[in-house]
Amino acid sequence: MTPGSGTPRPPIPMVVLGGYLGAGKTTLINALLRNADGLRVTVLVNDFGSINVDAALIRERGDDVIGLENGCVCCTIGGRLVETLLALGERAERPDLLVIEASGVSDPVRIAQVGMLDRAFRLHGIVVAVDVDGIDDVLDDRYVGDIARRQIEAASTLVLTKTDLVDEDKLRAVRNRLSSLGATQVVVQAEDGVVPTAILFPDDEIALSGDFPARPLRAVSRALPAGLRSFNVETSEVFDRTRLKAALAMYPGQLWRAKGFVSLQPGQMSELHVVGRRSMLTRRPDLPSQTSVIVLIGIFSDDEQRLLSQALHSACH
C-alpha cells in the first residue's frame, strides 16, 4: 500500500538473472542500465567490482549504492537480500523493474522464492545466461556440472552469450544439448549484451504471453562441492604479464573464475577476467593507480590456495 493510504499498489516486476561463473551476467546488466529508456530500474548485485557502468551515467556513488543519471540504481546486497527487498517494497517511489543478479554458483530458484515471499514483488522471469563457448566443459565437469545444469533447468528464458566465439555447428549443438536437458524453449541470443526488451520489461508491447516461470519453482537442497572457496590476493607491486598468466593456469579445472584490477605497468591499471581456461587483460586508463586486487573462486585445498597465492605474489616484478 502507498504510505499513508489504504490503496494497494501494483507489485514490482522482478527478474532474477542467473548463470554460471563468467557466463556474461555483468555484460547483460550493463547493457540493461544503458538502455533503460527512462524506466526506473533497481539492480541488486553481489559487488561492484565488475559492474562497469559508463562514467557519463554515474550521478553519485556511496558505500553500497550507485545512483545513475538515467534514474536507475545499482545496489550491493551481500547477505542482506531480505532486508533490501523489504526496504524497496516500502519506498514511496518504487522502481519500475527489479533485477537481482544471482551469484555464479547459486540457485536462482531460491532467490526467486525469497522475492515472492513479499507481495510487493511479482516474478516476471528467471533469465539464465549461457556461455556457448564454454558450457560443454562446465556441464561435463564432475564438480560443477550439476550446479550449471540446475541453473539452466530453472530458467524461464535462456540467453546465449559469446556466440561470436563459435561457429554455427557449435551453436546448433549447444542449443540441442540445452533442449535435451528439458530446459525452456525460450532461447535468445545476446548481441553485445543486449537482449529483446520483452525478456526484461513485462509491460513492453511485444511482451511474451503469460507470467514466468514456465514450470513450477522447486527448491533444491543439494550442497555445493566440498572445497569451494573464494579468496582475494592483493599487492601494491607491479605484475609481470607472463608470470601472472602462468600462475592463473596452475590449477586448470579447479579455478572456475577470477576477476579484478591489476597493475602491469607503474601507474596503469588493467582489468582481469579468467573464465575456465580463458583469460583476458584489458587496459583501463580511466582508473587511477591503485592496489592490485584479484578475487579467485574455485575448488582448492588449503595447501593449493596457499601455493596459488604465493605464485601470484611471486608473479610481481
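Residues numbered from 1 in each chain as written. Predicted model: local features only at pLDDT ≥ 70, side-chain atom pairs only at ≥ 80, totals over all residues. Heavy atoms only, no water.

A. View of the overall build of the chain. The secondary structure content of the chain amounts to 9 helices and 14 strands. Of all 317 residues assigned to the chain, the portion counted as buried reaches 49%. Sequence-distant contacts in the chain: of pairs separated by 6 or more residues, those separated by 24 or more amount to 73%. Summing over all exposed atoms, the chain offers an accessible surface of approximately 15400 Å²; the carbon and sulfur share of this is 51%. (Helix = DSSP H or I, 4+ residues; strand = E, 2+ residues; numbered from the N terminus. Buried < 20%, exposed > 50% of the residue type's maximum accessible area, 1.4 Å probe, protein only. Contact = heavy atoms within 4.5 Å. Areas by Shrake-Rupley, 256 points an atom, 1.4 Å probe, with all protein chains shown as cover.)

B. Geometry of the pairing of strand E11 (residues 255-265). The element E11 is largely enclosed, with a buried count of 9 among its 11 residues. In this structure, E11 lies alongside strand E14 (residues 292-299), joined through 6 bridges in antiparallel fashion. Bridge pairing links phenylalanine 261 to valine 293 in E14. Both E11 and strand E12 (residues 268-275) contribute to a ladder of 8 bridges, which runs antiparallel. Residue pairing for E12: glycine 260 is matched across the bridge by leucine 272. (Pairing = 2+ DSSP bridges.)

C. How the structure looks around the pattern of salt bridges. Per the counting criterion, the structure on display carries 12 salt bridges. Notably, a salt bridge pairs arginine 40 with aspartate 96, separated by 3.7 Å at the nearest N-O pair. Residue arginine 40 is located in the loop between helix H1 (25-34) and strand E2 (41-45), and its partner aspartate 96 is located in the loop between helix H2 (81-89) and strand E6 (97-101); the two are separated by 56 residues in the primary sequence. Here aspartate 96 falls in the partly exposed class, since its relative accessible area comes to 31%. A cluster of three or more residues bridged by salt bridges with shared partners is formed by Asp136, Asp140, Lys170 and Arg177. (Salt bridge = Lys/Arg side-chain N within 4 Å of Asp/Glu carboxyl O.)

D. The packing of H2 against helix H3 (residues 108-116), seen in detail. Running from N to C, H2 and H3 cross one another at 40°; their axes reach a closest spacing of 10 Å. On the basis of their axis angle, the class for H2 and H3 is oblique. Between H2 and H3 lies a crossing of right-handed hand. Facing Leu81, Val82 and Leu85 of H2, the residues of H3 in contact are Ile111, Val114 and Gly115. Split by residue class, the contact of H2 with H3 holds 5 nonpolar, 1 polar and no charged. (Axes fitted to C-alpha atoms, helices over the stretch in contact; angles between N-to-C directions. Parallel < 35°, antiparallel > 145°, perpendicular 65-115°, else oblique. Left-handed = near helix turned anticlockwise from the far one by under 90°. Nonpolar A, V, L, I, M, F, W, Y, C, P; charged D, E, K, R; others polar.)

E. Structural detail: the packing of helix H8 (residues 241-248) against helix H9 (residues 302-314). Viewed as axis vectors pointing N to C, H8 and H9 meet at an angle of 170°, and their least axial separation amounts to 8 Å. Judged by the angle between their axes, H8 and H9 are roughly antiparallel. Contacts between H8 and H9 involve Arg243, Leu244, Ala247 and Leu248 from the former and Leu308, Ala311, Leu312 and Ser314 from the latter. Tallied by class, residues from the contact of H8 with H9 come to 6 nonpolar, 1 polar and 1 charged.

F. Quick look at H8. For H8, the full list of buried residues reads Leu244, Ala247 and Leu248. With its buried residues spanning 95° around the axis, H8 presents them on a single face. If you follow the buried residues of H8, they end up packed against E11, E12, strand E13 (278-283), E14 and H9. With a side-chain oxygen positioned 3.2 Å from the backbone nitrogen of threonine 242, the residue opening H8 is aspartate 240. (Arc of directions from axis to C-beta. Polar contact = N/O pair within 3.5 Å; in protein donor to acceptor, adjacent residues only side chain to side chain.)

G. Summary view of the state of the cysteines. The tally for this structure, following the rule as stated, stands at 0 disulfides. A disulfide-free cysteine, cysteine 74 has its sulfur positioned 6.9 Å from the sulfur of cysteine 75, the nearest such atom. (Disulfide = S-S within 2.5 Å.)

H. Seen up close, the packing of aromatic side chains. Under the definition given, this model contains 2 aromatic pairs. Their ring planes at 80° and their centres at 5.8 Å tell us that phenylalanine 231 and phenylalanine 300 sit as a pair that is edge-to-face. Here phenylalanine 231 is found in strand E10 (residues 228-235), whereas its partner phenylalanine 300 is found in the loop between E14 and H9, with 69 residues between them in sequence. Relative to phenylalanine 300, the ring of tyrosine 251 lies with its centre 5.9 Å away and its plane at 75°, an arrangement referred to as edge-to-face. On the criterion of sequence distance, the pair formed by tyrosine 251 in the loop between H8 and E11 and phenylalanine 300 in the loop between E14 and H9 is long-range, its members being 49 residues apart. Judged by its relative accessible area of 2%, phenylalanine 300 falls in the buried class. Members of the aromatic cluster, joined through ring pairs, are Phe231, Tyr251 and Phe300. (Phe/Tyr/Trp six-rings, centres within 6.5 Å; stacked < 30°, edge-to-face > 60°.)

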